[in-house]
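Here's the letter readout for the chains.
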Amino acid sequence: MQARIYSAALAAMLVLPSAATAQQANPVADAFRDNARDAAKNLIAAAEEFPVDKLKFKPTPAQMSVSDIMVHLAQGNDYLCGTIGGVKAPTRTKVDHDDSKDALVARLRETFAFCEQALAPLTDANLAEPLPFFGGRKLSRAAVMTLTTGDWADHYSQWAIYLRLNGLLPPTAKKPAP
C-alpha cells in the first residue's frame, strides 16, 4: 500500500511541472502583451486627461510637449510593435503636434490597437532572433521588447509629471470609483 502511495506521489511530481509549464509556455511574450495592454490603458488615459490648452505644455524648452509625446508614441508604436511582431504597420496619414487633441488621441488608440494585433502571435520561441533596428543595428527580439517597455514607462512618467505640474493627477494615482 505504501509503495503505491509513493509511486503515485512520484508520478504526480513528474507530471505537475510539465502541466504547469504547458500553462505558461510563453511567459515572456505573455508578460510583454500584458505590459502593452497596461501601457495602452495608462498612456491613453493620461493623454485624455490633458486639457486642450495644455497640449503644448513642456516644463522646459528642451523637453517634448504633451502633443510631441503623443506623436512620438504613435510613430514609435507602429515601428516597435511592427518590428517585434514581424509585421508591417498600416500606412497612416501623418499626424502633427499641431493636430487636434481628438486626432492625436485617436491616433494613439489606433497604434495601440495595431500593437495588440502585431503582438498576438508572439511566442518565447524566437526571443533571440535578431531584428533590424535604428541605425542599421540588429537587436534581439527580447532586446526590442525590453526597450519598448522602457519607452512606454518613460513617456508615462513624463506625462505623470506634466499632469502634476498642472495640478492634475495621473491615471495611476487616482483611486478607483467605488
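Calculation criteria
Residues numbered from 1 in each chain as written. Predicted model: local features only at pLDDT ≥ 70, side-chain atom pairs only at ≥ 80, totals over all residues. Heavy atoms only, no water. Axes fitted to C-alpha atoms, helices over the stretch in contact; angles between N-to-C directions. Helix = DSSP H or I, 4+ residues; strand = E, 2+ residues; numbered from the N terminus. Parallel < 35°, antiparallel > 145°, perpendicular 65-115°, else oblique. Left-handed = near helix turned anticlockwise from the far one by under 90°. Contact = heavy atoms within 4.5 Å. Nonpolar A, V, L, I, M, F, W, Y, C, P; charged D, E, K, R; others polar. Disulfide = S-S within 2.5 Å. Buried < 20%, exposed > 50% of the residue type's maximum accessible area, 1.4 Å probe, protein only. Polar contact = N/O pair within 3.5 Å; in protein donor to acceptor, adjacent residues only side chain to side chain. Salt bridge = Lys/Arg side-chain N within 4 Å of Asp/Glu carboxyl O.

Trainee: Explain the packing of helix 3 (residues 66–85) against helix 5 (residues 141–165) to me, using residue names and the numbers behind them.
Mentor: Two elements in contact, helix 3 and helix 5, have axes whose closest approach is 11 Å; the angle formed by their N-to-C orientations is 165 degrees. Considering the angle they form, helix 3 stands roughly antiparallel to helix 5. For the pair helix 3 and helix 5, the sense of crossing is left-handed. Between helix 3, through V66, I69, M70, H72, L73, N77, L80, C81, T83 and I84, and helix 5, the contact on the second element is made entirely by R141, V144, M145, L147, T148, D151, W152, H155, Q158, W159 and Y162. Counted by class, the contact of helix 3 with helix 5 contains 13 nonpolar, six polar and two charged residues.

Trainee: So what about the state of the cysteines? Which residues, and what values?
Mentor: The full count for this structure, using the stated rule, is one disulfide. Disulfide pairing is shown between C81 and C115; the S-S distance is 2.1 Å. Looking along the S-S bond of the C81-C115 disulfide, the torsion reads about 90 degrees, which is the right-handed sense. Separated by 34 residues along the polypeptide, C81 in helix 3 and C115 in helix 4 (residues 101–119) bring together distant segments of the chain. Taking the relative accessible area as the measure of exposure, C115 reaches 1% and is therefore buried.

Trainee: Give a detailed account of the environment of T146, specifying residues and quantitative values.
Mentor: Within the secondary structure, T146 sits in helix 5. Looking at T146, the relative accessible area reads 57%, which means it is exposed. Each C-alpha atom, one on T146 and one on F32, is 8.5 Å from the other, the two residues being 114 residues apart in sequence. A polar side-chain atom of T146 sits 2.9 Å from the main-chain carbonyl oxygen of A142.

Trainee: I'd like a rundown of the pattern of salt bridges, residues and numbers included.
Mentor: Here the structure, examined in full by the defined rule, presents nine salt bridges. One salt bridge in this structure joins R37 and D34, with 2.7 Å as the shortest N-O distance. With R37 and D34 both in helix 2 (residues 27–49) and three residues apart, the pair spans about one turn of that helix. Exposure remark for R37: the relative accessible area of 39% places this residue in the partly exposed category. When the shortest N-O distance is used, the salt bridge between D78 and R92 registers 2.6 Å. Placement of the pair is D78 in helix 3 and R92 in the loop between helix 3 and helix 4, with a sequence separation of 14 residues. A relative accessible area of 13% means that D78 is categorised as buried. Several salt bridges share partner residues, and in doing so they unite D78, R92, R107 and E110 into one network.

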